[in-house]
Each structure stands twice: as C-alpha cells, then as structure tokens.
Amino acid sequence: MNETLTVILAFAAGSALGAFFFGGLWWTVRRGISSPRPALWFAGSMLLRISVVLVGFYWVGGPHAMRLLACGFGFFVGRVGVTWLSRPSSGNPSPSGARVNHAPEP
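I will try to describe carefully the structure that is included in this document. (Residues numbered from 1 in each chain as written. Predicted model: local features only at pLDDT ≥ 70, side-chain atom pairs only at ≥ 80, totals over all residues. Heavy atoms only, no water.)

### A few points about helix α2 (residues 38-61)
Phase 1: For α2, spanning 24 residues, the distance from its first C-alpha to its last is 34 Å, which sits close to the expected 34 Å at 1.5 Å a residue.
Phase 2: Tucked inside the fold, the buried residues of α2 contact α1 (3-32) and α3 (65-85).
Phase 3: Of the residues trailing α2, Gly62 is marked for its positive phi of about 55 degrees. (Helix = DSSP H or I, 4+ residues; strand = E, 2+ residues; numbered from the N terminus. Expected span 1.5 Å × (residues − 1). Contact = heavy atoms within 4.5 Å.)

### Some points on α3
Two residues of an α-helix separated by three or four positions point the same way, owing to the 3.6 residues in each turn.
Phase 1: Along its 21 residues, α3 runs 30 Å from first to last C-alpha, staying within 8% of the 30 Å computed at 1.5 Å per residue.
Phase 2: Buried within α3 are the following residues: Ala70, Cys71, Gly74, Phe75, Gly78 and Val82. The arc that holds every buried residue of α3, seen down its axis, measures 150 degrees, which confines them to one face. Facing away from the buried side of α3 by over 90 degrees, the exposed positions are Ala65, Leu69 and Trp84.
Phase 3: Turning to α3, the residues buried within the fold contact α1 and α2. (Buried < 20%, exposed > 50% of the residue type's maximum accessible area, 1.4 Å probe, protein only. Arc of directions from axis to C-beta.)

As structure tokens, then:
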C-alpha cells in the first residue's frame, strides 16, 4: 500500500474516532442530566471514550508520525462535524435571558 493511501485511511479513522468521542460526549450529556446518577454516566463514558480513542490512535498511528498527524487532524474534523450536527435548530432558539431552573431553590 502506498503512503498516500495509508495517510488517507488514517485521516478517515481519526474522523471516526472523533465522531465516536464527541458523539458519545453529546449522548452522555443528554442522558446524564436526566439520570438519578449522573456521575456514573459521566465517569463511565469518559473512561470508555478515552480508552477507545487512545487504543485507536495507537493502532492507527503506531510509530509513523505522518499517520498520527493525519489521525489527529481527522479527530478534529470529527469534532467539528459532531458539533455542527448537534447544534440546536435555528427554528427554535432559546430566548436570550431566559432563566434555566435545574435545581429547586432553597
């Protein structure tokens, strides 16, 4: 396999890892805020997401700096994509200055 193809595949793997990491974070926040045990959700999700991403970077990049760089850039692109896809819809923006009441007042 030539080097250009391996760098492109490393970029694609990094994009998938970024989508997994930040998509998992988005999913965890949505589930965690309504859970009776949010700390368990956030801690478990963090350990799983970091473990998968570190193993993925190690497996894809290995000792090759160019592949590792391409994987990191793909990770960033995956982050941008998930951020773009998970933004609130423009048709129903939250009113500015609206009070958010997550906890009962004393």
